[in-house]
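Okay, here's what each chain looks like letter by letter:
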Amino acid sequence: MSPVESFVDLDDCRIKILRAGQGAPLVFLRGADASDDWRPYLDELARRFDVIVPEHPGFGGQPKPKWLDRIADYANFYLDLFDRLELTGVHLAGHGMGGWIAAELATRDTRRIASLTLVDAQGLWLDGVPTLDTFLCTEEKAITDQFHDTKLAEAEIARRLVPDSEDIRLNNQVVIAQTTWQPRGYDPHLRKWLHRIDVPTLIIWGAEDRLLPQAYAQEWGRLIPGAQVEIIAACGHVPPIEKPAEFVSLISAFAAAERAAA
Amino acid sequence: MKIFNFHLMPYAHADLEAIKRLGTSWMTYPNSYYDPKKGADLYHEYLDQLEFADELGFDGVAVNEHHQTAYGMMPTPGVLAGALARRIKNGKLAILGRALPLVNNPLTIAEEFAILDNLTRGRFIAGFVRGIGVEYHTMGMNPAESQERFLEAHDLIIQAWTRPGPFAFEGKYYKFKYVNPWPRPYQDPHPPIFTPSSGSLSTIRWAAQHRYTYCQTLAPIASVAQTFKLYREEADKFGYQATPDQFAWSNAIYVAESDEKALRDVRPHLEAYANEFLTRDPVMMAPPGYTSVESIKRMRALKSFMQGRSTAEDMIARGIVIVGSPNTVREKLAQYQDMAGFGISLTKTQFGTMPHQMVQENQIAIAKEVLPYFKDRLPQPTKAAAE
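Residues numbered from 1 in each chain as written. Chains lettered and ligands numbered in written order. Predicted model: local features only at pLDDT ≥ 70, side-chain atom pairs only at ≥ 80, totals over all residues.

**Some thoughts on the overall build of chain B**
Rule in force here: The helix count covers DSSP runs of H or I at least four residues long, the strand count covers runs of E at least two residues long, and both are numbered beginning at the N terminus. The globule rule is 2.2 Å times the number of residues to the power 0.38, and the radius of gyration it is compared with is taken over C-alpha atoms. Using C-beta atoms placed from the backbone, we call a residue buried if 20 or more other C-beta atoms fall within 10 Å of its own, exposed if 12 or fewer do, and partly exposed for counts in between.
In terms of regular secondary structure, chain B is built from 16 helices and 11 strands. Relative to the compact-globule value of 21 Å for 387 residues, chain B shows a C-alpha radius of gyration of 20 Å, a close match. Expressed as lengths along the three principal axes of its C-alpha atoms, the size of chain B is roughly 60 × 45 × 45 Å. Here chain B holds 387 residues, and the buried ones make up 46% of them.

**Structural notes on the overall build of chain A**
Short version of the rule: Think of it this way: build a C-beta for each residue from its backbone, and any pair within 7 Å is a contact.
The helix and strand inventory of chain A stands at nine helices and eight strands. In terms of overall size, chain A behaves like a compact globule, its C-alpha atoms giving a radius of gyration of 17 Å where 262 residues would be expected to give roughly 18 Å. Viewed in the frame of its principal axes, chain A has a C-alpha envelope of about 45 × 40 × 35 Å. A total of 262 residues make up chain A; the buried ones form 45% of that total. By sequence separation, contacts in chain A at least 24 residues apart represent 75% of the contacts at least 6 residues apart.

**A short note on the confidence of the model for chain B**
Note the threshold: pLDDT measures the predictor's confidence residue by residue and takes values from 0 up to 100.
Mean pLDDT for chain B: 95, with 97% of residues reaching 70 or above. Predicted complex, confidence summary: ipTM 0.93, pTM 0.95.

**Re the sheet that holds strand β8 (residues 228–232) of chain A**
Residue and element names in this part refer to chain A. Formally: Here a strand pair is declared whenever DSSP counts at least two bridges between the two strands. Whenever a helix is involved, its axis is fitted only over the stretch in contact; in every case the axis is a line through C-alpha atoms, and angles between N-to-C directions fall within 0 to 180 degrees.
Spatially, the eight strands line up as an open sheet ordered β1-β2-β4-β3-β5-β6-β7-β8, and their pairing is mixed. Since the sheet does not close on itself, it has two edges, and those belong to β1 (4–10) and β8, each with one partner. Each neighbouring strand pair of the sheet contributes to a mean axis angle of 20 degrees, computed without reference to strand direction. With five bridges joining them, strand β7 (residues 201–206) and β8 adopt parallel strand pairing. Paired with G206 across the two strands is I232, which belongs to β8. In the packing of helix α2 (residues 71–85) onto the sheet, contacts are made with β1, β4 (49–54) and β5 (90–95), and the angle to β1 comes to roughly 110 degrees.

**What about the nonpolar core?**
Within soluble globular proteins, side chains that are nonpolar generally end up buried alongside one another. Condition: Any set of buried Ala, Val, Leu, Ile, Met, Phe, Trp, Tyr and Cys residues joined through C-beta atoms within 7 Å is what this text calls a nonpolar core.
Residues B:F4, B:V61, B:V255 and B:L346 are the most contacted members of the largest nonpolar core, which totals 107 residues. Contacts of B:F4, omitting those with residues within four sequence positions, involve B:F58, B:D59, B:G60, B:V61, B:A62, B:A94, B:I344, B:S345, B:L346 and B:T347. Core analysis: the second largest hydrophobic core is formed by 68 residues, A:A75, A:W181, A:I224 and A:F247 among them.

**Description of the packing of helix α7 (residues 201–210) of chain B against helix α8 (residues 221–237) of chain B**
Two quantities define a packed helix pair, namely the angle between the helix axes and the distance between the axes. Residues and elements named next belong to chain B. Filter applied, for reference: The labels follow the angle: roughly parallel below 35 degrees, roughly antiparallel above 145, roughly perpendicular from 65 to 115, and oblique for the rest. For any pair of crossing helices, the crossing counts as left-handed if the nearer helix is rotated counterclockwise from the farther one by less than a right angle, and right-handed if it is rotated clockwise. For this classification, Asp, Glu, Lys and Arg are treated as charged, while Ala, Val, Leu, Ile, Met, Phe, Trp, Tyr, Cys and Pro are nonpolar and the rest, including Gly, are polar.
As a packed pair, α7 and α8 sit with axes 9 Å apart at the nearest point and diverge in direction by 45 degrees. It follows from the interaxial angle that α7 and α8 lie oblique. Taken as a pair, α7 and α8 cross one another with a handedness that is right-handed. Packed against α7, whose contacting residues are L201, I204, R205, A207 and A208, the element α8 presents T227, L230, Y231, E234 and A235 at the interface. Residues of the contact of α7 with α8, tallied by class, amount to seven nonpolar, one polar and two charged.

**Some words on the environment of A:F59**
Following the sequence through the fold, A:F59 ends up in the loop between β4 and α2. Remark: the alpha-carbon pair of A:F59 and A:V238, spanning 179 residues in sequence, is separated by 19 Å.

**Thoughts on helix α13 (residues 326–340) of chain B**
All names here are of chain B. Going by this rule: A helix is expected to reach a length of 1.5 Å times the quantity of its residues less one. It is the directions from the helix axis to the C-beta atoms whose arc is reported.
The terminal C-alpha atoms of α13 lie 21 Å apart, and with 15 residues this matches the ideal 21 Å at 1.5 Å per residue to within 8%. Of all the residues in α13, the buried ones are V329, L333, Y336, Q337 and A340. Buried residues of α13 fall within an arc of 105 degrees about the axis and therefore sit on the same side. Remark: G341 follows α13 within two positions and exhibits a positive phi of approximately 80 degrees.

**Some thoughts on the packing of α8(B) against α13(B)**
Residues and elements named next belong to chain B. Closest axis-to-axis distance for the α8/α13 pair is 8 Å, and the angle between their directions is 30 degrees. Facing α8, whose interface residues are I221, V224, A225 and F228, α13 presents Y336, M339 and A340. When grouped by side-chain class, the residues that make up the contact of α8 with α13 number seven nonpolar, no polar and no charged.

**Some thoughts on the pairing of strand β4 (residues 124–129) of chain B**
Regular strands place their side chains on alternate faces of the sheet. Residues and elements named next belong to chain B. In terms of burial, β4 is a largely internal element, six of the six residues being buried. In β4, alternate side chains face the same way, and those of F124, A126 and F128 on one face and I125, G127 and V129 on the other are all buried. Here strand β3 (residues 92–99) runs beside β4; their pairing, made up of five bridges, is parallel. Within β4, the residue paired with A99 across the bridge is V129. Strand direction decides the pairing type here: β4 and strand β7 (residues 193–197), joined by two bridges, are parallel. Counted as the bridge partner of A126 is I193 from β7.

**A closer look at the pairing of strand β9 (residues 247–255) of chain B**
Residues and elements named next belong to chain B. Burial within β9 is extensive, with nine of its nine residues counted as buried. Residues F247, W249, N251, I253 and V255 point to one face of β9 and A248, S250, A252 and Y254 to the other, with burial holding for every one of them. Summarising the sheet, strand β8 (residues 213–216) and β9 pair through three bridges and their orientation is parallel. Opposite Y214, over in β9, you have F247 as the bridge partner.

**A word on unusual backbone geometry**
The step from A:Q182 to A:P183 runs through a cis peptide bond, and the omega angle for that step is -10 degrees. Tracing the chain through its elements places A:P183 in the loop between α6 (166–180) and β7. In this structure, the amide linkage connecting B:D188 to the following residue, B:P189, adopts the cis form with an omega of 5 degrees. Within the secondary structure layout, B:P189 lies in the loop between β6 (175–179) and β7. Phi is positive for A:D12, close to 60 degrees, though the residue is something other than glycine. Here A:D12 shows up in the loop between β1 and β2 (13–20). One non-glycine residue, A:E86, adopts positive backbone phi at about 50 degrees.

**Quick notes on the environment of A:L87**
Residues and elements named next belong to chain A. Examined against the element boundaries, L87 turns out to sit in the loop between α2 and β5. Remark: the alpha-carbon pair of L87 and P25, spanning 62 residues in sequence, is separated by 7.4 Å. If near-sequence neighbours (up to four positions away) are discounted, L87 is found in contact with P25, F82 and R112.

**Structural notes on the environment of A:D198**
All names here are of chain A. Along the polypeptide, D198 turns up in the loop between α6 and β7. Note on D198: 14 C-beta atoms within 10 Å, which makes it partly exposed. In this structure, the C-alpha to C-alpha distance between D198 and A114, residues 84 residues apart in sequence, is 9.6 Å.

**Focus on helix α3 (residues 97–108) of chain A**
Residues and elements named next belong to chain A. Compared with the 16 Å implied by 1.5 Å per residue over 12 residues, the 17 Å span of α3 between its first and last C-alpha is a close match. In terms of residue burial, α3 counts as a mostly covered element, since 11 of its 12 residues are buried. Listing the buried residues of α3 in full gives M97, G98, G99, W100, I101, A102, A103, E104, L105, A106 and T107. Contact partners of the buried residues in α3: β3 (24–29), α2, β5, β6 (113–119) and α6.

Now the structure itself:
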């Protein structure tokens, strides 16, 4: 299934949106691989949902918006986008940095949100559980660190680190640094307001995530009222790519259960 | 030409084998390798050397700022400049420079520099830099904000020195209800400003716009000349002609009786400086946003080129340093001044592992054999420059 590509002009910037499938809207906010192409897990999700994947402002070769200083700015931007697209009943999912954006968004306003899924999300700091510094390694190492299966990591390196995308990758890194460098990968104020999240929440985590150890999954689960935590075995930081079948079935079952309960 | 004695204050007892093994003398070279007793002795020797330089007639002395490294032990250069301020009786005292974006409150730099300008009764030179890439890791500052913070901190400091206080400053990064620093600078309107840089075009353009003295950090003389030429072109665009005192070349000089002896003496210290003390992981040096994407791509392309060890011969041949007999050193310094057109030489007389007595002998030789010949020397137009 190939997604439909469109562009939206909003808040003085232009973003690309990939969209495919039918059903309830599922907005997926990607992490540091945000300019990556359409992957098989999105096809699988598109069998069940109207899958909407926006490229974060400032990514993909677009200029960095003047208003972009921190992750919370992205959260407010996506609230604007949901208004613009007139989305309701959104299943909002985010991975890594995208999970952090989704959590920030949900502490602000859940009127358009049906459920929240955080996948190996950044945004929290847990004393005594250090995270990997993704800014202090080569691009090859950064990808290697994301996967439990080293063969898969090698394939990802070959697929992603191509000369054609070097400019976009380097520009994306500037935006990632702008929003996540200091404090490294979290916002100390976020945890104070996670109790406000009043939609069903699912936490999905790779058991072998070396960037953000599993203890972070439990911490999200503790801080968000009623959150369900699911750990995927033999999986690193990127469950949608390393364990797409488990990932898709967890997120689909969760949305279906919530629909049945509603 | 004005010749300053510039010091990096390296931890000369660094374990060179450990640095080779770790691949860095910065940030992740553990500070358990620092011995405070040896370090204290080095601080005193280095300060003695700079005081000696003033007695010998150097035009000034200079220190700088780096963090978490054996390369230089001056994370807060103001302390060392303070220790020197009452002992440097004749020459200038320069900090080249303080890294403005690395502090949360740049007013402290305005205050510190103003005190030093008062202590020296107007012989202080203020250097402004952004800090190098790795320092955005070590100081926990956002590299993507480096350029903007530098410009805003600069504006705040200049206003703090020149606008009658108290006034309010509301910037993007720095916000103060009251700006009214005591003391004011001794010099009117403020100390001369030097801008050391490794040659980024945006810094060159900005320095030329403000008519600040541009200091080229360690680089082959041909590229120094090229960088200064860019500054002159930018100055032309801003409608004035740049003068030699707007150009400072940062170098290292070693003088001995003969070229052969000089090379033999200097080799281990110079090669330790170039290969071990300067060793750092390239990833540390290029945090996202610190430099343009084009610069990062250029650095990546240069990686293979930079991997070999530098030899003393190579550094001498490329005009990164000047080593030799008095005659050789005089000839080369004159030739390089004519090539690049600088009016200031920021000269390291100690580098790497070079011990105290050897440094003092070098300082004496430079004072006797070099300084008098360059006292009022201006760049002479060369055939190459005229073309």
